[in-house]
Every structure is written in C-alpha cells, then in structure tokens.
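# Residue-level structure breakdown
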Amino acid sequence: MMDSTNKPLKTKKAWWLILWAFIGGMIGYVFASGTITVPEDADFSFSLVYEYDLMFTLLALIVLVLLVWNVIGLSQLNAMNDEGQHSDEPMSPKEKLLGTILKVSTYNTIVTLLWLVLAFAHALGAGSPRETMQTYMLVNMVSGCVTMIMAIFLQHRTLVIYNKVYPDRTLNLKSNSGKEAARELFSKMDEGEQWTVYRSAYSAHRITNVMLIAGIVLFTLYSLLFGFTPLPIVVLGIILLVQQTVYYREVGKAYK
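As the structure is a prediction and not an experimental result, all values here were calculated from the model.

Looking only at helices and strands, the protein features seven helices and zero strands. Along the protein, helices (α) and strands (β) appear in the sequence α-α-α-α-α-α-α when read from the amino end. Here the contacts in the protein between residues at least 6 apart in sequence split such that 62% fall between residues at least 24 apart. Carbon and sulfur atoms make up 69% of the accessible area of the protein, which amounts to about 18600 Å² in all.

And the structure:
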C-alpha cells in the first residue's frame, strides 16, 4: 500500500526533474549560441542624478515607512490596557498589535542595515568617486547611521514592552549572548509554543534553501550576460552548505 502511494509522487518528481533539466539545457543553448547579447554601453544602475540614487531612495522610503509604523505602534501599545488578555480568545488585541510591531521592528532593522552597508560599500569601495558625488555619499552614509541607531532603539523598546506583556516569558535583554537569551526564552515556552517554533523554523529552512539556490541560478545568469562573477555564487554555495551541515548536525544529536 505504501509503495503504491509513493509511486505517483516519485513519478511526479521525475517529471519535474526532466522539465527543469530541459529548461536548463535550453537556457544554456541560448546563451552559448550568442542569441542573447547585451550592449556594451548598457547601464543598469537605475540612476537619475547620482549613481544608484534610485536604489537608495527606495531603501530610505521603506525605512521611513517602517520607522513611522514602529513609532505609532509603540504609542498605541503604551496606550492600551491589558483587558481581555486572559479571556477565551487566543490573543488579546494588545498581543496581536505587539506581534505586528515585533515583525515591523525586525523588518526595519534588516532594511536599515542593508541601506547602511550598501551606503558604505558604495562610498568606500574600489574606485574613487567623482567630486560631485562626495556630498551625496556622505549624506547617504550619515543618514544610514542615524536610521540604524533609531531602528535599534525602537527594537529595544519593542522588546521591553514584550517583556511587560509576557512576564512569564521574558527575553533577557541584558544578556551578552543573543544565543543564550534565545535559549532561555525557548525553555520558558510550553510544548505548543515550542512546536510552533519548530514548525516555523523548518518552514524558514526550506524557503531559505529555495532562495539560496535561486540566488545561485540568478548570479549564474548574470555571469553569462555581463561577465564571470564567481564571488556571489561561491558565497551563496558556502551558506547553503553551512545551513545543511547545521541542520543535519542538529538532527544527528537527537539520535545519539
């Protein structure tokens, strides 16, 4: 019975492998034949006045929206009382809002960090910038630093409110090790909450695998179009290997 159930699944996987192999072969043939060419003067910096100014403007707008959202959410949380927190509902309105603000704060920190590192890489990278771009780059780096400080402060305030809402599952904000603080928080969860964390972590693991492989394929296509660029492919490959190693190591611990 088990073999008959798995047989259609194996057949479907085999057809998917054949399909992807065919698509890969067609892409390889198209690029190898020279059918697709990129003009030598093609510019993909997406600029209006300064180099990559549209990219940094988009990042700044996203950060601004997330910062305002985070501030408004924190003010609403402070104004809300704890009524309904112990009702029959799975989550009170304050807990729901806190969950949203926790996500907003995390996204804000990540996007702000991306803006900051890109600003420094752009300004201090190889090749001296033009004189007309120095002020633009300086303002870009200072803005990234200021918003990074604001994002870290807002995330800390959000976690402080989290500890007040969940006093029995507080996160040790004074811990010198983020890993140790996370371990302490996990130990305070009940079995249902731990199962939710396990399921969420596994889903994130699977999606990350897909995204890493997609990134490798994307940078491979980039190399075919614009010239060989091995570093991003190698870095993503190493991250994929490390992730799989950590996963299998943790699985192996359960059977020792």
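So, about the packing of helix α3 (residues 93-124) against helix α4 (residues 134-165). Closest axis-to-axis distance for the α3/α4 pair is 8 Å, and the angle between their directions is 155°. Relative to α4, the element α3 lies roughly antiparallel. Along this stretch, α3 crosses α4, giving a crossing that reads as left-handed. Split by residue class, the contact of α3 with α4 holds 20 nonpolar, 12 polar and two charged.

Okay, the packing of aromatic side chains next. Here the structure, examined in full by the defined rule, presents three aromatic pairs. With 5.5 Å between their ring centres and 70° between their planes, Tyr 247 and Tyr 248 make a pair best called edge-to-face. On the basis of relative accessibility, which here comes to 30%, the residue Tyr 247 falls in the partly exposed class. An aromatic cluster is defined as three or more aromatic residues linked by ring pairs; in this entry it consists of Tyr 202, Tyr 247 and Tyr 248.

Our next topic: the packing of helix α2 (residues 53-79) against α4. Between α2 and α4, whose axes approach to 10 Å, the crossing angle comes to 25°. Considering the angle they form, α2 stands roughly parallel to α4. Along this stretch, α2 crosses α4, giving a crossing that reads as left-handed. Across from Asp 53, Phe 56, Val 63, Leu 67, Asn 70, Val 71, Leu 74, Leu 77 and Asn 78 in α2, the residues of α4 making contact are Tyr 136, Asn 140, Thr 147, Met 150, Ala 151, Leu 154, Arg 157, Thr 158 and Ile 161.

Moving on: the layout of surface pockets. The rolling of a water-molecule-sized probe over the atoms marks out the regions of remaining empty space. Volume-wise, the largest pocket comes out at about 830 Å³. Lining the largest pocket are 24 residues, with Tyr 162, Leu 185, Met 189, Glu 193 and Val 197 sitting closest to its centre. Put simply, the parts of the chain that give the lining of the largest pocket at least two residues each are α3, α4, α5 (178-187) and α6 (191-226). Per-element accounting of the lining of the largest pocket gives the leading share, seven residues, to α3. A per-class count over the lining of the largest pocket returns 13 nonpolar, four polar and seven charged. Empty space within the second largest pocket amounts to approximately 460 Å³. Along the walls of the second largest pocket sit 15 residues, with Val 197, Tyr 198, Ala 201, Tyr 202 and Tyr 247 positioned nearest its centre. Of all elements in the fold, only α6 and α7 (230-253) reach the threshold of two or more residues within the lining of the second largest pocket. Here the lining of the second largest pocket gets nine residues from one element, more than from any other, and that element is α6.

As a further point, take the pattern of salt bridges. Pairing is possible between side chains that carry opposite charge, provided their charged atoms lie close to one another. As enumerated under the stated definition, the model contains one salt bridge in all. Here Arg 249 ties to Glu 250 by a salt bridge, and the two come within 3.6 Å at their closest N and O atoms.

Time to look at the nonpolar core. Grouped together as the largest cluster of nonpolar side chains are 28 residues, with contacts concentrated most on Phe 56, Leu 74, Leu 77, Leu 98, Trp 115 and Ile 161. Mapped by element, the contributors of at least two residues to this core are α2, α3, α4 and α5. When residues of this core are assigned to their parent elements, the largest contribution, eight residues, is made by α3. Dropping the residues within four chain positions of it, Phe 56 is found in contact with Trp 115, Leu 118, Ala 119, His 122, Tyr 136 and Asn 140.

As a further point, take the confidence of the model for the protein. On average, residues of the protein score 79 in pLDDT, and 75% of them reach the 70 mark or higher. Mean pLDDT values for the elements of the protein range from 62 in helix α1 (residues 2-33) up to 93 in α2.

Parameters and conventions
Residues numbered from 1 in each chain as written. Predicted model: local features only at pLDDT ≥ 70, side-chain atom pairs only at ≥ 80, totals over all residues. Heavy atoms only, no water. Helix = DSSP H or I, 4+ residues; strand = E, 2+ residues; numbered from the N terminus. Contact = heavy atoms within 4.5 Å. Areas by Shrake-Rupley, 256 points an atom, 1.4 Å probe, with all protein chains shown as cover. Axes fitted to C-alpha atoms, helices over the stretch in contact; angles between N-to-C directions. Parallel < 35°, antiparallel > 145°, perpendicular 65-115°, else oblique. Left-handed = near helix turned anticlockwise from the far one by under 90°. Nonpolar A, V, L, I, M, F, W, Y, C, P; charged D, E, K, R; others polar. Phe/Tyr/Trp six-rings, centres within 6.5 Å; stacked < 30°, edge-to-face > 60°. Buried < 20%, exposed > 50% of the residue type's maximum accessible area, 1.4 Å probe, protein only. 1 Å grid on protein atoms, 1.4 Å probe; cavity = no way out; pocket = protein on both sides within 12 Å on 5 of 7 lines; lining within 4 Å. Points joined across faces, edges and corners; volume = space filled by probe spheres on them. Salt bridge = Lys/Arg side-chain N within 4 Å of Asp/Glu carboxyl O. Core = buried A, V, L, I, M, F, W, Y, C linked by side-chain atoms within 4.5 Å. pLDDT = per-residue confidence, 0-100.

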